[in-house]
Amino acid sequence: MAIEWYLVLSGLLFATGAAGVLIRRSPLVILLCLELMLNAGNLALVAFARSLGDQDGQVFALVVMVVAACEVVVGLGLIVAMFR
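> Lay out the environment of phenylalanine 60 in plain terms, naming residues and giving numbers.
Mapped onto the elements, phenylalanine 60 comes out in helix α3 (residues 56–83). In the structure, phenylalanine 60 is positioned 14 residues away from valine 46 in sequence and 8.8 Å away in space, judged by C-alpha atoms.

> If you had to explain helix α1 (residues 3–23) to someone new, which residues and values would you point to?
In this model α1 runs 30 Å from its N-terminal to its C-terminal C-alpha over 21 residues, within 8% of the 30 Å that 1.5 Å per residue would give. Those residues of α1 that sit buried are Ser10, Gly17 and Gly20. Projected down its long axis, α1 carries its buried residues within an arc of 90°, all on one side. What points out from α1, more than 90 degrees from its buried face, is the exposed set Trp5, Leu12, Leu22 and Ile23. Turning to α1, the residues buried within the fold contact α2 (27–52).

> Help me get a handle on the layout of surface pockets, residues and values and all.
The computed volume of the largest pocket comes to approximately 160 Å³. Lining the largest pocket, in full, are Met1, Ala2, Ile3, Tyr6, Leu43, Val46, Ala47, Arg50 and Ser51. For the lining of the largest pocket, the secondary structure elements donating two or more residues are α1 and α2. Classifying every residue of the lining of the largest pocket by side-chain character gives 7 nonpolar, 1 polar and 1 charged.

> Hey, could you go over a nonpolar patch on the surface for me, with residue numbers and the actual values?
A cluster of nonpolar residues, Val59, Phe60, Val63 and Val67, forms a patch on the protein surface that exposes about 370 Å² of accessible area. Examined against the element boundaries, valine 63 turns out to sit in helix α3. Residue valine 63 is classed as partly exposed on the basis of its relative accessible area of 44%.

> So, the packing of α2 against α3: which residues are in play, and what are the values?
The interhelical angle for the contact between α2 and α3, taken along N-to-C directions, is 175°, at an axis separation of 9 Å. Of the possible angle classes, the one that applies to α2 and α3 is roughly antiparallel. Tallied by class, residues from the contact of α2 with α3 come to 17 nonpolar, 4 polar and 2 charged.

Rules and cut-offs
Residues numbered from 1 in each chain as written. Predicted model: local features only at pLDDT ≥ 70, side-chain atom pairs only at ≥ 80, totals over all residues. Heavy atoms only, no water. Helix = DSSP H or I, 4+ residues; strand = E, 2+ residues; numbered from the N terminus. Expected span 1.5 Å × (residues − 1). Buried < 20%, exposed > 50% of the residue type's maximum accessible area, 1.4 Å probe, protein only. Arc of directions from axis to C-beta. Contact = heavy atoms within 4.5 Å. 1 Å grid on protein atoms, 1.4 Å probe; cavity = no way out; pocket = protein on both sides within 12 Å on 5 of 7 lines; lining within 4 Å. Points joined across faces, edges and corners; volume = space filled by probe spheres on them. Nonpolar A, V, L, I, M, F, W, Y, C, P; charged D, E, K, R; others polar. Patch = residues over 30% accessible without salt bridge, like charges linked within 9 Å, V, L, I, M, F, W, Y side chains within 5 Å. Areas by Shrake-Rupley, 256 points an atom, 1.4 Å probe, with all protein chains shown as cover. Salt bridge = Lys/Arg side-chain N within 4 Å of Asp/Glu carboxyl O. Axes fitted to C-alpha atoms, helices over the stretch in contact; angles between N-to-C directions. Parallel < 35°, antiparallel > 145°, perpendicular 65-115°, else oblique.

Pasting the structure below:
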């Protein structure tokens, strides 16, 4: 497949996540939308890395996944602490 389709999908995912962050007020939904935005960025990074035949984008996407996992742990911990 061409890289354009991956980039269009990435843009749609990012726009959906950004709309969710701006519209919703629930902290849990905002965290999920932030994750959607991070995954859209990862999809674009991997698509560019594949088209260039380079490994740097894939390594950076792996680092972004680790940061996203840490963000979820901290965010869910804060949400649980707020509701107790």
